[in-house]
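Structural overview for review
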Amino acid sequence: MSSITLTPDIAPAVMPKSHYANVRTTVMSWLFTVDHKRIAILYLISITVFFAVGGLFASLIRIELLTPKGDFMTGDTYNKVFTLHGVIMIFFFLIPSVPATLGNFALPIMIGAKDLAFPKINLLSWWLYMLGGVLAVVVLLRGGLETGWTFYPPYSTTFATSQVTIAILAAFLAGFSSIFTGLNFIVTVHKMRAPGMTWFRMPLFVWAHYATSIIQILGTPVVAITLVLVAIERVWGVGIFNPQIGGDPILFQHLFWFYSHPAVYVMILPGMGVVSEVIPCFSRKRIFGYEFIAFSSMAIAIIGFLVWGHHLYVSTQSTYAGMVFSLLTFLVAVPSAIKVFNWTATMYKGEITFEAPMIYALGFIGLFLVGGLTGLVLASMANDIHFHDTYFVVAHFHYVMVGGMVMAYMCGLHFWWPKMTGRMYPGLLATIAAILVFVGFNFTFFPQFILGFLGMPRRYHSYVEEFQILNIMSTMGASVLGLGYGMQPFYLLWSLFKGEPAGDNPWRAKGLEWQVPSPPPTFNFPDGRPVVIEDPYAYTIDVKEADSVAQH
Amino acid sequence: MSEIAFTPEQASTIAGRMDFLFYGWLGLSIFFFVAVVVAIIYFSFKYRKGSKADRRITGETEFMTLSITGTTLELTWTIVPLIMAILVFFWSAWLYVDFTQMPSGAMEVLVTGKQWMWKIQHPNGKREINELHVPTGVPIKLTMTSEDTIHSFFIPAFRVKKDVLPNRFSQLWFNATKEGEYHLFCTEYCGTDHSRMIGKVTVMSPERYQAWLAGADTGVAMASSGEKLFTKLGCVTCHTGTTPRGPKLAGVFGKEVKLADGSTLVADEEYIRESIMNSSAKMVQGYPPLMPLFKNQIKEQDLMTLVNYIKSLKDEKNGTKS
């Protein structure tokens, strides 16, 4: 067992001799580990593979859409490609992205715990995820899936000819893996905080994960059982959703979005948590409006459950129901706005530096703002008549999911990478990659807002000629975006072997996870539980500098 | 390839008002976006490490530094967006109600969606596929259904869209203002050739529309082919005559109907449709459940024709027509 060595700031950092990753090195010791940090690494590797596969499908989509005719692949192939892009990115990358990797790694240490409350359930969660992932690969190898990630019946139950049932099983298993992660986080936050770690001394990253976990355990069972009903109708012909045999297709849409709308908050709240850690650290300033950010996470989680009907404005849902959903959707935007204002105010009178995590965090704010503001165009019942199911929707949710969550995930990955691996990556390359991602992203998705306004429907394999120029711009932007993403594995893997040892706290951050060695030892705090005496944002600016300014 | 357009054409009575709401929100969004981005860029520059900016926190009077007690600032940026959100909600909800309220005296056109085409039938029976001809200045009401999965009927230039569902009618209306040709798209994913389930809407002057309607391709008028079905399917035997076994249908459309369980409803297209398909669902008071189920016995298009025929029946006693 290692001990915490307090290295003074001036001495060059050295890697600790023994840490969580090298205590045992056999494959079995990884596959059956119950250490939250090792499980986080397992998740990190798995979601990276799925991100690459999902990204490959995205490139195929963009190549097809270079020309209006639909001449790169057949309509059926295209339908499978965009379906698999959605299924893989949502169920196997975005939902587990921040919680299962960064959350799994950092959350217990941040609240001073030696592990999550249920380490074996944590391992089970990864195994279920992998089982779901393997089934997703089976779907791919057996001819794919062409229902769209939304599985709308009666198309999915009656007309689709592909591997719907296996795909549903895959999503079902991934769903339970997500429930287990949420369950673990909730119990851990309630029961395992270190002495002195009061609710209002918890890092906002932890608050965000707490809110996310509530959605995961309350919402996911609903979509899981709904998808099973689709499979039952498909396999045994029981009339649940298909009106020809007595079902109701709109019922499915309600049940599906009851989870899948809150799920978009599963895909953004943890990202907001990351940004709430990074901005104060690189501004050297206490977060502004701590309670407001914490409560806005909870408000988003709760109100977010009551807005699903805004996906059904043009599906013959009653006008009055639509109005309630529309009003609540407008309301759920307010807590998000509060967060953005508070992050901005945090930078005021800070001492700001621009390392890669900060670039990602600032990029996140800008892109998330665009995503959120355009979301209200779709919340508006009158405008949604026109924009529903057009490329405007595609652009909107990519601004939130990719511009928001993927940026935040990369932000967190670059922030905690030195903690997870003990080594620094080359800062300049990371900054270049961050800028490429930001620029490429905007070129890819901004033209899609205009395409949507012009009326180009989503999920179109071929399109009318006047949409071509904007599609070409989008594809060019996607190439730059791909380049930005593609750089990362190279310099991150390089840093594993050749990177400078990072030391315990390369960012001079205040959270508990920075008080332990990098990488941390197996039980995080070998000297016993820490006692927390200050909040996680007790940043101060060098007093001498402030004094010298005062003399002017 | 053609030139880039940044805004879609406005070719219906609602298009301008819908776009005004969009541009209004766009203006507010740009204001918020620019305010936040300018603040971030300004702070990034002014408070970058090494700059000589004044970073002293001067106490409770300076609003930005009240990180714990800065409730006034927090409340301001909570309540201002809240009020704006609520105002925009009311504006958009009001427009929505206005846009979706069916106008009276509309010209009725029937639409059937199937993988992967749109079948259209005009009041005089004229049919077309993937094309829709309409006159300007007349409200057009589309009654739509699907023969298979869910589709969605979208004409961007008119700013109208509605899902088209199997076993159900959905409706939308528009009033075209500008002659020309416009796109018609299916916007609910429906399989292999979803992106080819598109068509052309031709808007003509009322005179040219009449000429087009009278063209060679006219089929049997909708109501008269409905009458044939009414006889062929045997509806006549019970629903007409002096002592009918089923409720009289003349003039029933738009009227209140008393049901066996004591409740009442207004007979609309959907009710008539349901009663044909599954008469026992909502039995009219005073009649025995004798009627056979026509579910899966009638094609969607015939069903529409039949419903339209029943709508057209006048109540001879009062001479009224709904």
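Per chain, residues are indexed from 1 in the order of the written sequence. Going through the entries in the order they are written, you letter the chains from A and number the ligands from 1. In view of the model being predicted, local features appear only for residues whose pLDDT reaches at least 70, and side-chain atom pairs are presented and counted only at 80 or more, with totals across whole chains, interfaces and linings using the full set of residues. Side-chain numbers here rest on the full set of heavy atoms in the structure, without hydrogens or water.

We now examine the overall build of chain A. By definition, any uninterrupted DSSP run of H or I lasting at least four residues is a helix, any uninterrupted run of E lasting at least two residues is a strand, and each is numbered from the N terminus. Helix and strand counts for chain A stand at 17 helices and 0 strands. A globule of 552 residues ought to have a C-alpha radius of gyration of about 24 Å, and chain A, at 23 Å, matches this closely. In terms of principal-axis extent, the alpha carbons of chain A reach across some 70 × 60 × 45 Å. With the model as given, the accessible surface of chain A reaches about 18300 Å², and the carbon-plus-sulfur share is 72%. Here chain A carries 28 positive and 26 negative side-chain charges, and the mean point of each set is 9 Å from the other. The atom set for the radius of gyration is the C-alpha atoms, and the globule formula is 2.2 Å times the number of residues raised to the power 0.38. Using a 1.4 Å probe, accessible areas were evaluated by the Shrake-Rupley method; residue-level cover was limited to the displayed protein chains. Here Asp and Glu are counted as negative and Lys and Arg as positive; His is not counted, and neither are the chain ends. A single reference atom marks each charge: NZ on Lys, CZ on Arg, CG on Asp, CD on Glu.

To continue, consider the overall build of chain B. Helix and strand counts for chain B come out as 7 helices and 12 strands. For chain B, the proportion of its 322 residues judged to be buried stands at 49%. Within chain B, contacts between residues separated by at least 24 positions form 63% of all contacts whose residues are at least 6 apart in sequence. Of the roughly 15400 Å² of accessible surface on chain B, 60% is carried by carbon and sulfur atoms. Only protein chains enter the area calculation, which uses a 1.4 Å probe; residues under 20% of their type maximum are buried, those over 50% are exposed, and those in between are partly exposed. The contact criterion used is simple: two residues touch if any of their non-hydrogen atoms lie within 4.5 Å.

In this section: the nonpolar core. Generally speaking, a soluble globular protein has its nonpolar side chains buried in company with each other. Nonpolar cores are built from buried Ala, Val, Leu, Ile, Met, Phe, Trp, Tyr and Cys residues. Side-chain atoms within 4.5 Å join them into one set. Residues Trp343(A), Phe364(A), Trp416(A), Phe153(B), Phe158(B) and Phe174(B) are the most contacted members of the largest nonpolar core, which totals 257 residues. Apart from residues lying up to four places away in sequence, Phe174(B) is in contact with Leu132(B), Val134(B), Val138(B), Pro139(B), Ile140(B), Leu142(B), Ile155(B), Phe158(B) and Val160(B). By size, the runner-up hydrophobic cluster in this structure holds 26 residues, among which are Val252(B), Leu259(B), Leu303(B) and Leu313(B).

Looking now at the sheet that holds strand E3 (residues 127-129) of chain B. Residue and element names in this part refer to chain B. On the basis of which strands lie adjacent, the open sheet formed by 5 strands has the order E3-E2-E1-E5-E8 and mixed pairing. Strands at the two margins of the open sheet, each flanked by one partner only, are E3 and strand E8 (170-175). Neighbour-to-neighbour, the strand axes of this sheet turn through a mean angle of 25 degrees, independent of strand direction. By the bridge criterion, 6 bridges tie strand E5 (residues 139-146) to E8 in an arrangement that is antiparallel. Note that in E8 the partner of Leu 142 across the bridge is Leu 172. For two strands to be treated as a pair, DSSP must find no fewer than two bridges joining them. All axes are obtained by fitting lines to C-alpha atoms, using only the stretch in contact for helices, and the reported angles, taken between N-to-C directions, cover 0 to 180 degrees.

The next subject is the packing of helix H7 (residues 204-236) of chain A against helix H10 (residues 290-303) of chain A. All names here are of chain A. It is the contact of H7 with H10, at a shortest axis distance of 8 Å, that shows an interaxial angle of 10 degrees. When the interaxial angle is binned, H7 and H10 end up roughly parallel. The chirality of how H7 crosses H10 is right-handed. Between H7 and H10, the contacting residues are Leu 204, Trp 207, Ala 208, Tyr 210, Ala 211, Ile 214 and Ile 215 on the first element and Tyr 290, Ile 293, Ala 294, Ser 297, Met 298 and Ala 301 on the second. Working rule for angles: under 35 degrees goes down as roughly parallel, over 145 as roughly antiparallel, 65 to 115 as roughly perpendicular, anything else as oblique. Handedness of a crossing is defined here by the sense of rotation of the near helix relative to the far one, left-handed for an anticlockwise turn of less than a right angle and right-handed for a clockwise turn.

Contacts between the two partners involve 87 residues from chain B, matched on the other side by 95 residues from chain A. Put simply, buried area is how much 1.4 Å-probe accessible surface two parts lose in total, over both of them, once they are put together. Between chain B and chain A lies a buried interface of about 8300 Å² when both sides are counted; carbon and sulfur atoms form 68% of it. Each reported salt bridge corresponds to a side-chain nitrogen of Lys or Arg within 4 Å of a carboxyl oxygen of Asp or Glu. At the junction of chain B and chain A, the tally comes to 1 salt bridge. Put simply, Asp248(A) and Arg168(B) hold a salt bridge, and the shortest N to O gap is 3.0 Å. We define a polar contact as two N or O atoms separated by no more than 3.5 Å, with the added condition that, inside protein, one atom must be a possible hydrogen donor and the other a possible acceptor, whereas residues neighbouring each other in sequence contribute only through side-chain atom pairs. Counting across the chain B and chain A interface gives 22 residue pairs in polar contact (both at pLDDT 80 or more). Of all the elements, helix H2 (residues 71-100) of chain B adds the most residues to the side of chain B that touches chain A, at 18 residues. Here the residues of the side of chain B that touches chain A are counted per class, giving 45 nonpolar, 23 polar and 19 charged. Three classes are used: nonpolar for Ala, Val, Leu, Ile, Met, Phe, Trp, Tyr, Cys and Pro, charged for Asp, Glu, Lys and Arg, and polar for all others, with Gly counted as polar.

All names here are of chain B. Definitions used throughout: a 1 Å grid over protein atoms alone; a cavity as a set of points that fits a 1.4 Å probe which cannot get out; a pocket as an open set with protein on both sides within 12 Å along at least five of seven lines; a lining residue as one with an atom within 4 Å of a point. Grid points are joined across faces, edges and corners, and a volume is the space filled by probe spheres set on the points. Empty space within the second largest pocket amounts to approximately 1100 Å³. Lining the second largest pocket are 44 residues; nearest its centre among them are His 239, Gly 246, Pro 247, Lys 248 and Leu 249. When residues of the lining of the second largest pocket are traced back to their parent elements, those giving at least two are helix H5 (235-239), strand E11 (256-258), helix H6 (269-277) and helix H7 (300-312). Classifying every residue of the lining of the second largest pocket by side-chain character gives 25 nonpolar, 9 polar and 10 charged.

Residues and elements named next belong to chain A. Here helix H11 (residues 319-347) contains 29 residues, and its C-alpha end-to-end distance of 44 Å stays within 8% of the 42 Å for a straight helix at 1.5 Å per residue. The N-cap of H11, judged by a side-chain oxygen 3.2 Å from the amide nitrogen of Tyr 320 a few residues on, is Ser 318. Phi turns positive, to about 60 degrees, at Lys 349, one or two residues after H11. For a helix, the expected span equals 1.5 Å multiplied by the residue count minus one.

Attention shifts here to the pairing of strand E2 (residues 117-121) of chain B. Residues and elements named next belong to chain B. Across the 5 residues that make up E2, a large majority, 4, are buried. Note: strand E1 (residues 107-114) against E2, 5 bridges, orientation antiparallel. Following the sheet pairing, Leu 110 is matched in E2 by Gln 121. The hairpin turn running from E1 into E2, its antiparallel successor, is 2 residues long. Note that E2 and E3 share 3 bridges and pair antiparallel. For Gln 121, the partnering residue across the bridge sits in E3 and is Arg 127. The turn linking E2 back onto E3 is made up of 5 residues, and Gly 125 within it adopts a positive phi angle of 100 degrees.

Glancing now at the domain arrangement of chain B. Residue and element names in this part refer to chain B. Boundary definitions for the domains trace back to an automatic or database domain assignment. As assigned here, chain B comprises domain 1 (107-213) and domain 2 (222-312). Here the C-alpha centroids of domain 1 and domain 2 sit 26 Å apart. The interface is formed by 21 residues belonging to domain 1 together with 13 residues belonging to domain 2. Roughly 1400 Å² is buried in total at the junction of domain 1 and domain 2, and carbon and sulfur atoms are behind 52% of that figure. Among the residues domain 1 hides against domain 2, the three largest losses belong to Leu 110, Asn 167 and Phe 169. Together they make up 41% of the total. The interface formed by domain 1 and domain 2 includes 2 salt bridges.

All right, on to a nonpolar patch on the surface then. For patches, a residue must show more than 30% relative accessible area and have no salt bridge; joins then use 9 Å for like charges and 5 Å for nonpolar side chains, namely Val, Leu, Ile, Met, Phe, Trp and Tyr. Together, Tyr23(B), Leu26(B), Ile30(B), Val34(B) and Val38(B) make up an exposed nonpolar region whose accessible area comes to about 420 Å². Tracing the sequence through the fold places Val38(B) in helix H1 (residues 15-46).

Quick look at the packing of H7(A) against helix H8 (residues 249-266) of chain A now. Residues and elements named next belong to chain A. H8 packs onto H7 with a crossing angle of 150 degrees between their chain directions and a minimal axis gap of 8 Å. Crossing handedness for the pair H7 and H8: left-handed. The segment H7 lies against H8, with Thr 212, Ile 215, Gln 216, Gly 219, Thr 220, Val 222, Val 223, Thr 226 and Val 230 engaging Phe 252, Leu 255, Phe 256, Phe 258, Tyr 259, Ser 260, Pro 262, Ala 263, Tyr 265 and Val 266. Partitioning the contact of H7 with H8 into residue classes produces 13 nonpolar, 6 polar and no charged.

Ring pairs are drawn from Phe, Tyr and Trp, using the six-membered ring of Trp, whenever the two centres fall within 6.5 Å, and their geometry is named by plane angle: stacked under 30 degrees, edge-to-face over 60, tilted for the rest. The final tally for this structure, using the stated rule, is 74 aromatic pairs over all chains. The rings of Phe387(A), Phe392(A), Tyr399(A), Phe441(A), Phe445(A), Phe446(A), Phe449(A), Phe453(A), Phe22(B) and Tyr23(B) are connected pair by pair, giving a single aromatic cluster. For a Lys NZ or an Arg CZ to count as sitting over a ring, it must be within 6 Å of the ring centre and within 35 degrees of the ring normal. Here the guanidinium or amino end of Lys114(A) rests over the ring plane of Phe523(A), the centre of that ring lying 5.6 Å away. Positioned above the aromatic ring of Trp212(B), the side-chain terminus of Lys126(B) is 4.4 Å from the ring centre.

On to the confidence of the model for chain A. Residue and element names in this part refer to chain A. When pLDDT is averaged along chain A, the result is 93, and 96% of the positions lie at 70 or above. The predictor attaches a confidence to each residue, and that confidence, scored 0 to 100, is pLDDT. Counted against residues more than four places away or in other chains, residues 1-8, with its pLDDT under 50, gives 9 contacts. Segment residues 545-552: pLDDT under 50, and 10 contacts once partners within four positions in sequence are set aside and those in other chains are kept.

What follows covers the pattern of salt bridges. Between side chains of opposite charge, a pair can form when the charged atoms approach closely. If you walk through the whole model with that rule in mind, you get 17 salt bridges over all chains. With a shortest N-O distance of 3.6 Å, Asp389(A) and Arg458(A) are connected by a salt bridge. Of this pair, Asp389(A) sits in the loop between helix H13 (381-387) and helix H14 (391-421) while Arg458(A) sits in the loop between helix H15 (427-454) and helix H16 (468-498), placing them 69 residues apart in sequence. Residue Asp389(A) is classed as buried on the basis of its relative accessible area of 10%. Judged by relative accessible area, Arg458(A) falls into the buried class, the value being 14%. Note that Glu147(B) is salt-bridged to Lys119(B), the shortest N-O span being 3.0 Å. With Glu147(B) in the loop between E5 and strand E6 (151-155) and Lys119(B) in strand E2, the pair connects residues that are 28 residues apart, well separated along the chain. A relative accessible area of 29% places Glu147(B) in the partly exposed class. Residues joined in a network through salt bridges with shared partners are Glu108(B), Lys141(B), Glu269(B) and Lys311(B).

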